[in-house]
Amino acid sequence: MPPDANAAPRVRPKSLVQEYLLEQLPVYRELRELREQGWQNKTGDIYFENRRQRADNANAIVKIGFFKLMRRIGLELDAMTAALTIQGGGNSRPAILDLCMAPGGFSSAALYRNPSALLRGISLPPSLGGHEMLLKKPWSETDPDAQIFVSFCDITLLADEMGTPVPSIPASHPDAASFSSDRPFLEQKFDLVVCDGQVLHTHERLEYRENFEASRLLTSQLVLALQRIRSGGTMVILLHKADAWASVLLMYTFATFSDHLRLFKPQNAHRMRSSFYLVATGVRQGCEAAVEAVRQWKAKWRMATFGVGDGGEEGLGEGELEVLESGGEEKAKAVLQEIGPALVRMAEPVFAIQAEALRNASWMKSAPV
Ligand SMILES: C[S@@+](CC[C@H](N)C(=O)[O-])C[C@H]1O[C@@H](n2cnc3c(N)ncnc32)[C@H](O)[C@@H]1O
């Protein structure tokens, strides 16, 4: 059907969320101004570039420092939300699944809180650019009965897990030989699942993955997690930008099958960044809403893996954009209507921490160059 020349212009969900937060939250308004100033200040770019270089070329001391930092963040998360402390009660041994586990700081914190727990992890092999495992407790990558067992693989290539059987993938796909039909830990149920994946610059991957890798990584973790969590369990998920439509939609989605949601941003690390954690407790695995969420995440993964041409987001048609953005204007309005006040309440401390850090950043005080 040809586009209606008289139709009102499409408002993107992203803009609706931002306008809503600007109206409701003074600290978000301040954060937007600070970000704007930051973008105009090259000293800030240099600061972040230096940190990136340091992370990409980390020596042994820097790597241990990162492990300890992640352990501290895990303990702080637990102090604020009790998310890592598995409540006893059942007869079974507490079980933890740590997705994108290395270097293992969160696992170390979770084991400190639950010393007898069974721990299963997945992490990108260091040979492909993944982090090294630095967990001090003995762990195995060969003995599936060990207390701590880690499977090293690229979690975004588990095609059968994502509902796309390997034999159905055309041989012409650039990654055809790399997809896997493995479904790790499918028979096990976990009380706690951590999804802390972060796309790494050091990860050697094919060109076609550049545009939508963050979406592929997140959807892969979410599908794996929700198909293995025990009903009533807890999920901890790393996200970026609490004002992004994708983040808000994810909070809304989790609200449909969890008893309680919280957002956590550490007080002493990554303060200047937009990253934060979504903590969902009482996750009702297997309920209709959870099954529907898994279906949609699989569809997104398929779109990002097979359906997107070279043009990136700009090159997408209406239908494809709709899938990647998960609905349009009407959906965003309905979501804000339903969880807007909760979003404001949960996100305020996250924005406040980032705003305070940016306000006090040494490079913000220098004249723009
Ligand atoms: C922020 S670090 C996780 C830190 C870890 N949770 C901790 O507490 O020490 C991000 C992790 O994502 C992993 N990762 C990135 N891309 C991945 C992929 N495609 N498959 C599996 N793991 C991946 C990295 O190897 C790294 O271990």
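Under the annotation held in an unreviewed UniProt entry, the protein chain carries the name Ribosomal RNA methyltransferase FtsJ domain-containing protein and is attributed to Staphylotrichum tortipilum.

A. Representation of the site of the ligand in the model. In the vicinity of the ligand there are 22 residues, among which Ala102, Gly105, Phe106, Asp154 and Asp196 approach most closely. In this structure, a nitrogen atom belonging to the ligand sits 2.8 Å away from a side-chain N or O atom of Asp154. Taking 600 Å² as the accessible area of the ligand by itself, protein coverage stands at 97%.

B. Structural context of the sheet that holds strand 1 (residues 95-99). Overall, mixed pairing links the seven strands, which are arranged 3-2-1-4-5-7-6 in an open sheet. Both edges of this open sheet fall to strand 3 (148-152) and strand 6 (260-264), since each of them pairs with a single strand only. The average undirected angle you get between the axes of adjacent strands in this sheet is 15°. In the sheet, strand 6 pairs with strand 7 (residues 275-283) via five bridges, with the strands oriented antiparallel. Paired with Arg262 across the bridge in strand 7 is Val279. Relative to strand 7, helix 7 (residues 245-255) is tilted by about 10°, and along the sheet it contacts strand 5 (229-240), strand 6 and strand 7.

C. Geometry of the pattern of salt bridges. The tally for this structure, following the rule as stated, stands at 17 salt bridges. For Glu161, the salt bridge is made with Arg228, and the minimal N-O distance between the two is 2.6 Å. Placement of Glu161 in the loop between strand 3 and strand 4 (190-195) and of Arg228 in the loop between helix 6 (213-226) and strand 5 is noted, with a sequence separation of 67 residues between them. In this structure, a network of salt bridges that share partners links the residues Asp154, Asp175, Arg209, Glu213 and Arg216.

D. The nonpolar core, seen in detail. Formed by 75 residues in total, the largest nonpolar core has its most connected members in Met235, Phe254 and Trp297. It is helix 10 (residues 329-359) that provides the largest number of residues to this core, a total of 13 residues. Setting aside anything within four residues of it in sequence, one finds Met235 in contact with Val193, Cys195, Leu222, Ala225, Leu226, Ile229, Phe254, Leu278, Val279, Ala280 and Val283. By size, the runner-up hydrophobic cluster in this structure holds 29 residues, among which are Phe67, Ala83, Ala110 and Ala269.

E. Region of the structure containing the packing of helix 1 (residues 13-24) against helix 10. The interhelical angle for the contact between helix 1 and helix 10, taken along N-to-C directions, is 45°, at an axis separation of 9 Å. When the axis of helix 1 is compared with that of helix 10, the two are oblique. Helix 10 is crossed by helix 1, and the crossing has right-handed handedness. Across the interface between the two elements, Pro13, Leu16, Val17, Tyr20, Leu21 and Gln24 of helix 1 pack against Glu329, Ala332, Lys333, Leu336, Gly340, Pro341, Leu343, Val344 and Phe351 of helix 10. Across the contact of helix 1 with helix 10, the residue classes break down as 11 nonpolar, two polar and two charged.

Definitions and limits used
- Residues numbered from 1 in each chain as written.
- Predicted model: local features only at pLDDT ≥ 70, side-chain atom pairs only at ≥ 80, totals over all residues.
- Heavy atoms only, no water.
- Near = heavy atom within 4 Å.
- Polar contact = N/O pair within 3.5 Å; in protein donor to acceptor, adjacent residues only side chain to side chain.
- Areas by Shrake-Rupley, 256 points an atom, 1.4 Å probe, with all protein chains shown as cover.
- Pairing = 2+ DSSP bridges.
- Helix = DSSP H or I, 4+ residues; strand = E, 2+ residues; numbered from the N terminus.
- Axes fitted to C-alpha atoms, helices over the stretch in contact; angles between N-to-C directions.
- Contact = heavy atoms within 4.5 Å.
- Salt bridge = Lys/Arg side-chain N within 4 Å of Asp/Glu carboxyl O.
- Core = buried A, V, L, I, M, F, W, Y, C linked by side-chain atoms within 4.5 Å.
- Buried < 20%, exposed > 50% of the residue type's maximum accessible area, 1.4 Å probe, protein only.
- Parallel < 35°, antiparallel > 145°, perpendicular 65-115°, else oblique.
- Left-handed = near helix turned anticlockwise from the far one by under 90°.
- Nonpolar A, V, L, I, M, F, W, Y, C, P; charged D, E, K, R; others polar.

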